[in-house]
Amino acid sequence: MPIHEHYRPGTPCWVDYGALDPAGARAFYGELFGWTFREEGGYAFIELGGRVVGGFGRVPPGLPASWNTYLATPDAQAAAAEVKERGGSVLLGPVPAGQDGRLLFALDNCGAPFGLWEGRRPAGIVLVGEPGTWCGHELWTYDAACYPELHEVEVMPPPEGMSPCWLTFFATADRAATTARAVELGATIASGRDHATIVHDPWGALLALT
């Protein structure tokens, strides 16, 4: 079982989903990955087998549904200043996230949204790389200059027809079967690769199945 208890600065350490239709999205992902959802203060933690594998919230009005990637940072305030100095823009924060730490949300130089997370305990998601958990990230952008650090991330230009964004990869026990089930549940296939299938969920959020 891949257990990850420490993330170096600049490494993806957390993912969460911003929902347009919270009830529908919970039903879709619960069926697809076997996830359950634990409410805590207006936010929900996604769990698999009793372990937290991500977060779940509602998107602000006017924004699309999306999977959001957060990078570990030792100092969210300093990171926010550095993002702005390097040409990015900070949309939110840093703000406290309960007793666990602080977060901020930003856009990179090309408009790809991302978060930064300063944890007060071992940072981030503990269970990764198992079926139903995230196992990798790509950054689709033309300019990654605003990121203070980036590790364990493949950076590339957006594929044709795609906008700058972060893409989260989720592990499956059987990619073909999981992809077929996602389509049955309302997802659409965006593109295929040797090692992954990229899909839009029923609300347009992008993710990759591997």
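The structure contained in this document is the topic of the report that follows. In this text, all values refer to a predicted model and were calculated from it rather than measured experimentally.

**Some points on the overall build of the protein chain**
Helix and strand counts for the protein chain stand at three helices and 14 strands. For the protein chain, whose C-alpha radius of gyration is 16 Å, the value lies close to the compact-globule estimate of 17 Å for 210 residues. Dimensions of the protein chain, computed from the C-alpha atoms along their principal axes, are close to 45 × 40 × 35 Å. Put simply, the protein chain has 210 residues, and 47% of those count as buried. Taking as baseline every contact in the protein chain between residues at least 6 positions apart, the subset at least 24 positions apart corresponds to 61%. Working note: accessible area of the protein chain is about 9600 Å², and carbon and sulfur atoms make up 53% of it. With 13 positive and 24 negative side-chain charges, the protein chain shows a separation of 5 Å between the mean positions of the two kinds.

**Here's the deal with the nonpolar core**
The nonpolar side chains of a soluble globular protein tend to be buried with one another. By size, the foremost hydrophobic cluster in this structure holds 35 residues, and its most contacted members are Y17, Y29, F33, W35, W67 and L207. For this core, the secondary structure elements donating two or more residues are β1 (12-19), α1 (22-33), β3 (43-48), β4 (51-58), β5 (66-72), β7 (101-107) and β14 (206-209). When sequence neighbours within four positions are dropped, the list of residues in contact with W67 reads V15, D16, Y17, Y29, W35, I46, T168, F170, A205, L206 and L207.

**Remarks on unusual backbone geometry**
Cis geometry is found at the peptide bond from G93 to P94, where omega equals 10°. With respect to the element layout, P94 can be found in strand β6 (residues 89-97).

**A short note on the packing of aromatic side chains**
Enumeration according to the criterion identifies 20 aromatic pairs in this entry. A ring pair is formed by Y17 and F56, whose centres lie 5.8 Å apart and whose planes are at 25°; its orientation type is stacked. Of this pair, Y17 sits in strand β1 while F56 sits in strand β4, and the two are 39 residues apart along the sequence. Just as Y17 is buried, F56 falls in that class too. Members of the aromatic cluster, joined through ring pairs, are Y17, F28, Y29, F33, W35, F37, F56, W67, F170 and W203.

**Topic: the sheet that holds β4**
Across a sheet, paired strands are connected by hydrogen bonds in the backbone, their directions being either parallel or antiparallel. Here eight strands make up an open sheet; going across it, the order is β2-β3-β4-β1-β5-β8-β7-β6 and the pairing mixed. Edge positions in the sheet fall to β2 (36-40) and β6, since each of these pairs with one other strand and no more. Each adjacent strand pair in this sheet contributes to an overall mean axis angle of 30°, direction not counted. Pairing of β1 with β5, which is carried by six bridges, proceeds in the antiparallel orientation. Looking across to β5, one finds that G18 is bridged to S66. Where helix α2 (residues 76-85) meets the sheet, it contacts β6, β7 and β8 (113-119), and its direction lies at approximately 175° from that of β6.

The rules behind these values
Residues numbered from 1 in each chain as written. Predicted model: local features only at pLDDT ≥ 70, side-chain atom pairs only at ≥ 80, totals over all residues. Heavy atoms only, no water. Helix = DSSP H or I, 4+ residues; strand = E, 2+ residues; numbered from the N terminus. Rg over C-alpha atoms; globule rule 2.2 N^0.38 Å. Buried < 20%, exposed > 50% of the residue type's maximum accessible area, 1.4 Å probe, protein only. Contact = heavy atoms within 4.5 Å. Areas by Shrake-Rupley, 256 points an atom, 1.4 Å probe, with all protein chains shown as cover. Lys, Arg positive; Asp, Glu negative; His and termini not counted. Charge placed at Lys NZ, Arg CZ, Asp CG, Glu CD. Core = buried A, V, L, I, M, F, W, Y, C linked by side-chain atoms within 4.5 Å. Phe/Tyr/Trp six-rings, centres within 6.5 Å; stacked < 30°, edge-to-face > 60°. Pairing = 2+ DSSP bridges. Axes fitted to C-alpha atoms, helices over the stretch in contact; angles between N-to-C directions.

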